[in-house]
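Examining the three-dimensional arrangement
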Amino acid sequence: MAYCPKCGVEVDKNVKECPLCNFPIPDIEGMQENTEINKFPEARNMYIKTLETLRNKVFITVFLLSIISIVIFLTIGLIRSSISDYMTGFVICIMAGLIYLFIIMGYIPHLKIGTGIFSATVILQSFLLDYIDGEMEWSLTYALPITISAIAIFLLTVHFYKKGKHKNHFIFIPVYTAVGVGILSLIVESVLSINFDGTLKITWSLIVFITLQLFAVIMTGLYNVLPEDMREKMRRVFHV
Amino acid sequence: MKSKTDERQWHRLDNAAKLYPSIVSPRVSTVLRLSATLNKDVDPEILQKTLETIMPKFKHFLVRLRRGLFWYYFEEVHTVPRVQEETYYPCMYLDYKKKDTLPFRVIYYKKRISFEVSHSLTDGYGAVVFMQSLLLNYLHLTGDIDESANLDMFSDYTDTEEVYEDAFHKYYSEKVRAPRKPKRAYHLPFKLNAKGEYFIITGIIPSDDLYNLAKSYNTSVTKFLLAVYFETFLDFLKTTGSETNSRNLPVTMNIPINLRSMFPSKTLKNFFVSLTPSIDTSLGDYTFDEILKYIDHYFGMRVNKKYIQKFISRNVASEKKWKVRLLPLPIKNLAIPFIYSRFGETNYTSSLSNLGLIKLPEEISKHVDQMDIYPPPSVGNLTKITMLSYNNKTCISFGSVTPNREIEKIFFRKLRKMNLHVKIETNTQKEGD
């Protein structure tokens, strides 16, 4: 019979770790291997299944509605040629929207692949929208650099967050988001100002950047360093 | 022409059950499980046939939940559900507010038959009655019991209208005053596990050894284990959890007492009240004997017909008020979760429910090796104990919605130190893992 040496309780023979204290159960020689069958099935999680069904239902509904609206917009575009450019724009947006929804609802479990498809869609969508009237006006100069830098910052932020292994995600997700958004705002303004005036001028984004970094520093400080430190100082100064 | 619904019987939810449909959620399923492990693999076809045979007798269970204007009620149905192979965690959410979902399920896995039922339909006692009949008929159909066996030995619960009675109302007396309310209790500081996961740790102890040990302390098995459970929490608060009770909240246990022996009734609805012994942690350390003495006095004072009446009176009085009754159901649904957490689970740390000794007729019991009962999962009390004794095995099952095993570990190590043999079974381990 198999026993946990720490708890002293008997366990089933096929059990490798004590269910109470996770101590490995010694494998005594001559012990019959796996003669005892598992008392429980490898349980599946019922809640995840219901959630998946719900997700599929939502996506299929949106998908069908989008198909219908695409057909309607294309028909209107054919009949009224004066507004056909708008209609093509709508159709492009709906198709891109479907792809975004597909990714956001978690159908692609791998983060990097999902982000890659997402950014490719954004770039393609902006090209197409820009090209409806036959001329490339803003997609290459504005949309492309901003999209690429936003995606890069997003991936970097996620990478660093995961590497950081912080326990309290209520504190640290806002902190990392603040840092990321701060940097992005700098890039957005530089892209805008270079394209607009041809010179690099930074005003509002600097304010945003500094505010958000301050927020991040204060949050991290409050959580990690300051309280204990300050308490110690207070104790030193005010002890009686 | 008579419409279909006119022919259908309906019955009210009993006093305790009235709360449950308003608080069910994927995490708080209010579903308990009673299972029996046979000495050979279960045949699903025969089990299905068995269910079809006995369900018409247990009309009380063959119902679905409907919404009235003021209360939920159960309406009779005629379809017998399919038995299912066990695939999910135990005691999982039964969405019985949906039209085609009955408030119970019968599942099987290898040698084990399990009956999972919503607490709004019956309590542990009712589950035992149903399981006994299910086993008898199943073994009859497999040919393990000879033809002459009396298949109606549980007719007390099948051929009578008495199973529908709300025994709380039967023994309610208007003039009895309610007992004092318990206060806010200590709660375990553990993390919740993922939605839809439920961990069971069952400790199997030889019943005679346990009985003799309790006897040597001059007490009953329930009181003895309750004392061990109290001491477990006090030990936890002294060591690992020493910083988690800065407010010195008391450790309070919820002990359901089956009232059928004290107040005769054949009801299959809920008929229990909860006693709440409580240990004040601000008074310092307690020895085991002190805890045991306290429990003895506590139960000695309360477990008698007179005092229990106070609990019945408290439960029924709130339901009888006109201003409560006339509130429309949707408003009740909004209010009841708050009431339940305020007057229910906030006020106890955990619960221990002992179904006692399960006796099966000789011809059934030789085919049934083990019986287990699991508590319904609950967010308010992260771990709870239910237990029963059968075939000289006392199966103490912890149902837990947290990955933390500290309480179970301290509890079973204590029993082990008292020289009781403990065998652990769990659904958390995977083969070869």
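Residues numbered from 1 in each chain as written. Chains lettered and ligands numbered in written order. Predicted model: local features only at pLDDT ≥ 70, side-chain atom pairs only at ≥ 80, totals over all residues. Heavy atoms only, no water.

Points about the overall build of chain A
When its secondary structure is counted, chain A shows 7 helices and 2 strands. Each helix and strand of chain A, placed in order from N terminus to C terminus, yields the pattern β-β-α-α-α-α-α-α-α. Counting across all 240 residues of chain A, residues that qualify as buried make up 28%. Across chain A, every contact between residues at least 6 apart in sequence was considered, and the portion connecting residues at least 24 apart equals 43%. (Helix = DSSP H or I, 4+ residues; strand = E, 2+ residues; numbered from the N terminus. Buried < 20%, exposed > 50% of the residue type's maximum accessible area, 1.4 Å probe, protein only. Contact = heavy atoms within 4.5 Å.)

Side note on the packing of aromatic side chains
Taken as a whole and judged by the stated rule, the model has 34 aromatic pairs over all chains. Their ring planes at 40° and their centres at 4.8 Å tell us that tyrosine 100 of chain A and phenylalanine 118 of chain A sit as a pair that is tilted. Of this pair, tyrosine 100 of chain A sits in helix H2 (residues 84-104) while phenylalanine 118 of chain A is found in helix H3 (residues 111-131), placing the two residues 18 residues apart along the sequence. We classify tyrosine 100 of chain A as buried; its relative accessible area is 16%. Taken together, a centroid distance of 5.3 Å and an interplanar angle of 75° make the contact between tyrosine 217 of chain B and phenylalanine 288 of chain B edge-to-face. Linking tyrosine 217 of chain B in the loop between helix H6 (207-216) and helix H7 (221-238) with phenylalanine 288 of chain B in helix H8 (residues 288-302), this pair joins segments that are 71 residues apart in sequence. On the basis of relative accessible area, tyrosine 217 of chain B is assigned to the partly exposed category, the value being 30%. Through successive ring pairs, a cluster of aromatic residues spans Phe58, Phe61, Phe104, Phe115 and Phe130 of chain B. (Phe/Tyr/Trp six-rings, centres within 6.5 Å; stacked < 30°, edge-to-face > 60°.)

A short note on the pairing of strand E3 (residues 63-67) of chain B
Residue and element names in this part refer to chain B. Across 5 bridges, the pairing between E3 and strand E4 (residues 72-76) is antiparallel. Across the sheet, leucine 65 pairs through a bridge with phenylalanine 74, a residue of E4. Counted along the chain from E3 to the antiparallel partner E4, the turn is 4 residues long. (Pairing = 2+ DSSP bridges.)

Re H6 of chain B
All names here are of chain B. Within the span of H6, buried status applies to Ser207, Leu210, Leu213 and Ala214. An end-on view of H6 places all buried positions within 130° of arc, on one side of the element. More than 90 degrees from the buried face of H6, the exposed residues found are Lys215 and Ser216. Buried residues along H6 sit against strand E8 (199-206), H7, strand E14 (383-390) and strand E15 (393-400). One or two steps after H6, the chain reaches asparagine 218, where phi turns positive at roughly 65°. (Arc of directions from axis to C-beta.)

A few points about the domain arrangement of chain A
Accessible area lost upon the coming together of the parts serves often as the stated size of an interface. Entries for chain A in the domain assignment read domain 1 (1-43), domain 2 (49-137) and domain 3 (140-240). Taken over C-alpha atoms, the centre of domain 1 of chain A sits 54 Å from the centre of domain 2 of chain A. (Domains from an automatic or database assignment.)

Let's talk about the environment of phenylalanine 411 of chain B
All names here are of chain B. Relative to the assigned elements, phenylalanine 411 resides in helix H13 (residues 406-417). For the pair phenylalanine 411 and phenylalanine 236, spaced 175 residues apart in the sequence, the C-alpha separation amounts to 9.9 Å. Residues contacting phenylalanine 411, with those up to four places away along its chain left out, are Leu225, Val228, Tyr229, Thr232, Ile385, Ile396 and Phe398.

Some words on the domain arrangement of chain B
All names here are of chain B. The domains assigned to chain B are domain 1 (4-170) and domain 2 (199-306 + 348-426). Computed from C-alpha coordinates alone, the two centres of domain 1 and domain 2 are separated by 25 Å. Counting each side, the surface lost to burial between domain 1 and domain 2 is near 3700 Å², with a carbon and sulfur contribution of 63%. Linking domain 1 with domain 2 are 1 salt bridge. Put simply, domain 1 and domain 2 have 21 residue pairs in polar contact (both at pLDDT 80 or more) between them. Only strand E1 (10-12), strand E2 (31-38), helix H4 (124-142) and helix H5 (167-170) provide two or more residues apiece to the side of domain 1 that touches domain 2. Per-element tally for the side of domain 1 that touches domain 2: the top contributor is H4, with 10 residues. Tallied by class, the residues present in the side of domain 1 that touches domain 2 amount to 31 nonpolar, 13 polar and 10 charged. (Buried area = accessible area lost by both parts, 1.4 Å probe. Salt bridge = Lys/Arg side-chain N within 4 Å of Asp/Glu carboxyl O. Polar contact = N/O pair within 3.5 Å; in protein donor to acceptor, adjacent residues only side chain to side chain. Nonpolar A, V, L, I, M, F, W, Y, C, P; charged D, E, K, R; others polar.)

Side note on the sheet that holds E1 of chain B
Residue and element names in this part refer to chain B. With respect to topology, 3 strands assemble into an open sheet ordered E1-E4-E3, the strand pairing being antiparallel. Each edge of the sheet is formed by a strand with only one pairing partner; in this case those strands are E1 and E3. Geometrically, the sheet is characterised by an average inter-axis angle of 35° between neighbouring strands, direction not taken into account. Pairing analysis gives 3 bridges linking E1 to E4, with the strands arranged antiparallel. Bridging from a neighbouring strand, arginine 12 pairs with tyrosine 73 of E4. (Axes fitted to C-alpha atoms, helices over the stretch in contact; angles between N-to-C directions.)

Considerations on the interface of chain B and chain A
Listed per partner, the contact involves 36 residues of chain B and 30 residues of chain A. Buried area between chain B and chain A, both sides added, is near 3100 Å², and the carbon and sulfur share of it is 59%. Counting across the chain B and chain A interface gives 2 salt bridges. A salt bridge links aspartate 12 of chain A to lysine 423 of chain B; the nearest nitrogen and oxygen atoms lie 2.9 Å apart. The tally of links between chain B and chain A comes to 11 residue pairs in polar contact (both at pLDDT 80 or more). Those elements giving two or more residues to the side of chain B that touches chain A turn out to be strand E6 (104-109), H13 and strand E16 (423-426) of chain B. Classifying every residue of the side of chain B that touches chain A gives 12 nonpolar, 7 polar and 17 charged. In this structure, strand E2 (residues 10-11) of chain A lies alongside E16 of chain B, joined through 2 bridges in parallel fashion.

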